[in-house]
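# Structural description and commentary
Here is what each chain is made of, one letter per residue.
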Amino acid sequence: MTSGSSFQERAQPIIITASHIYDYLICPHKVYLDTFGDRSRMNHETDFERVLWERGMAHEEDALKQLNLAVCEVEGEGFEECEKETLRLMKCGEGLIYQGRLSAASMRGSPDLLEKIEGESRFGSHHYIPTEMKSGSAYEDEEAGRYKLHYALQLSFYADVLEKVQGIKPKTGNIIDGESRVVPIDLRPFEKDYLEHIAEIRDLLSGGAESEPCIGGVCGQCHWRSFCLDWARERDDVSLVRKLNRGKRNVLRKSGIRTVQELAGLGKAKTLPVFEGISAKALQQFVRRAVVLKRGEPILHSPVEFPDRKLEVFFDIETEPLEEICYLYGIVERKGKKQRYVSFFADSPEEEESTWKAFWEYVSGLEDFQVYHYTSYEKTVLKGLSERYPCDLKLFDEFFQNSTDLYALVDKCTEWPSHSYSIKAVSKLLGFEYSERDPGGLKAAMWYIEYANAPEANRALKEKIVRYNREDCEAMIVLKDWLARKNTELQRKKRSGH
Ligand code: SF4
């Protein structure tokens with residue numbers, strides 16, 4: 001059964017695009033909903049998505065300039081006119097065709113660049129290979145030589161369309177990455193994956209495949225998030241249990257477990273059943289999460305330890321991911337009952353280095369301290385910056401040796417009645433309130449972009465960012481105190497043998 005009872009009827013023939021491949025890899029149901037879903041139920045596009053798109057276009061133009069590429073840009077009204085022009089340029093043997101349009105066998109594509117190379121085709125002694133321009137790296141893991149799968153499959157899609165158009169299949173495609181490097185990718189090892197994915201996408205778009213939401217980490221960034229969450233809550237769907245993915249849900253369903261309630265019910269048995277594909281440890285965790293979801297109360301199930309230090313430093317940074325800038329270091333210091341907020345703010349990207357220096361100067365004055373942060377993000381970003389800017393490595397090591405990742409403790413020792421364990425979600429469950437209704441780092445990054453463009457006119461945005469950052473630090477204090485309190489209770493219970 002699909003979640004499409006109220007969905008628009010299919011009126012148009014199927015058209016598959018390269019974006020379907022990217023979306024399918026994120027979540028197959030997104031492909032389905034984008035085609036059949038009721039658009040009035042979509043969350044609005046976020047400011048971040050809009051800016052991301054605009055930056056993508058600007059990146060393409062910058063990369064063309066930097067590489068000094070003489071391209072022939074396809075111009076025309078609508079897809080068909082542009083496609084005719086693309087085919088004309090291909091026949092003429094144009095060297096580099098920018099923003100061409102191609103279609104074949106229900107597939108439509110707009111490869112960023114088509115590059116002419118030698119080799120017989122319908123057009124004569126030459127043919128074309130596709131190039132995509134991306135703002136990030138072409139690699140998932142550059143050292144291991146592993147490319148991003150969605151890039152390789154998108155190029156495979158264009159290679160497929162090109163084969164149908166020119167009569168010869170390109171063996172390679174290129175990615176021009178964020179640093180304007182041209183990275184050639186051999187597409188042959190991806191052929192099997194590509195064919196499987198395209199067949200599944202075709203099935204979904206034709207309405208022939210079953211599709212349902214499966215709540216996961218990616219949903220937070222998806223424009224169907226409210227719709228899918230409502231769907232899952234109405235059904236008490238087991239995917240509401242954190243990290244219970246589509247595959248594991250299928251395993252449970254085969255055994256008749258479809259709801260969180262049914263999964264929680266397994267906790268009453270003396271021994272848990274065995275399910276192929278779910279380890280005993282993972283099942284135990286899922287059952288515990290299901291019980292917590294039903295009870296609505298967070299639990300600490302394993303002990304935690306905090307060092308005894310004079311000064312506690314609750315630390316959070318803010319970054320602008322498009323330019324990869326760290327623009328704010330925020331700290332709430334706590335000494336006994338006294339608290340104070342300290343921040344280091346780069347008013348423009350050019351101030352990133354001086355802000356970095358000021359932050360480390362502050363750190364050098366700290367004594368007998370313990371740092372608390374949430375997730376390893378702070379460490380990763382600061383490590384990257386230490387390779388760009390001068391840094392006292394001894395001080396850097398001391399700072400992170402004296403640090404506790406509160407998220408690591410939450411993940412290992414607690415369960416929460418929420419599918420998200422973000423600091424916002426868990427602190428909200430402890431009664432902490434942010435000033436913003438829907439706070440988030442991406443939202444703060446958007447405010448920063450606007451602020452940095454015109455600081456004088458946007459003072460209020462800077463205040464909002466700083467307040468948001470301070471509140472993240474304060475939320476950590478609420479969480480840390482809860483963990484310490486629960487730990488004392490846990491120890492007491494252990495001692496009394498309960
Ligand atoms: S909200 Fe989640 S389940 Fe729904 S379409 Fe988006 S990614 Fe898929």
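Residues numbered from 1 in each chain as written. Predicted model: local features only at pLDDT ≥ 70, side-chain atom pairs only at ≥ 80, totals over all residues.

This part takes up the overall build of the protein chain. A count of helical and extended segments in the protein chain gives 17 helices and 17 strands. Seen through its C-alpha atoms, the protein chain measures out along the principal axes to roughly 85 × 60 × 40 Å. For the protein chain, with 498 residues in total, the buried portion stands at 33%. Of the contacts made within the protein chain by residues no fewer than 6 positions apart, 65% connect residues no fewer than 24 positions apart. (Helix = DSSP H or I, 4+ residues; strand = E, 2+ residues; numbered from the N terminus. Buried ≥ 20, exposed ≤ 12 C-beta atoms within 10 Å, placed from the backbone. Contact = placed C-beta atoms within 7 Å.)

Taking burial as the measure, the 10 residues of strand β6 (residues 124-133) include 7 buried ones, the bulk of the element. Sheet analysis places strand β5 (residues 113-121) next to β6, joined by 7 bridges and oriented antiparallel. In the strand pairing of β6, Glu115 is matched with Ile129. Linking β5 to β6, which pair antiparallel, is a turn of 2 residues. In terms of strand pairing, β6 meets strand β9 (residues 172-176) through 3 bridges, oriented parallel. Looking at the pairing, Glu132 lines up with Ile175 of β9. (Pairing = 2+ DSSP bridges.)

Neighbouring the ligand are Cys27, His29, Lys30, Leu33, Pro213, Cys214, Val218, Cys219, Cys222, Trp224, Arg225 and Cys228. At the level of elements, α2 (28-36) and α7 (225-235) are the ones that each hand at least two residues to the shell around the ligand. Of the residues contributing to the shell around the ligand, the split by class is 9 nonpolar, 1 polar and 2 charged. (Near = placed C-beta within 6 Å. Nonpolar A, V, L, I, M, F, W, Y, C, P; charged D, E, K, R; others polar.)

The biggest cluster of nonpolar side chains holds 105 residues, and the ones touching the most others in it are Val241, Leu263 and Met476. Among the elements that line this core, the one with the most residues is helix α5 (residues 149-166), at 10 residues. With near-sequence residues (within four places) excluded, Leu263 lies in contact with Val238, Val241, Leu252, Ile257, Phe286, Val287 and Ala290. (Core = buried A, V, L, I, M, F, W, Y, C linked by C-beta atoms within 7 Å.)

The mixed open sheet is built from 6 strands, whose spatial order is β1-β2-β5-β6-β9-β10. Lying at the two open borders of the sheet, with one neighbouring strand each, are β1 (72-73) and β10 (182-186). Judged from the 3 bridges that link them, strand β2 (residues 96-98) and β5 form a sheet pairing that is antiparallel. Bridge assignment links Ile97 to a residue of β5, and that residue is Leu114.

This next bit is on the environment of Gly178. Position of Gly178 among the secondary structure elements: in the loop between β9 and β10. When the 16 C-beta atoms within 10 Å are taken as the criterion, Gly178 is described as partly exposed. Gly178 sits 100 residues away from Ile278 along the chain, and the two C-alpha atoms are 39 Å apart. Not counting the four nearest positions on each side in its chain, Gly178 is found in contact with Lys134, Ser135, Gly136 and Ser137.

As paired elements, β9 and β10 share 5 bridges and run antiparallel to each other. Following the sheet pairing, Asn174 is matched in β10 by Pro184. Between β9 and β10, which pair antiparallel and follow one another directly, the connecting turn spans 5 residues, one of which, Ser180, has a positive phi of 60°.

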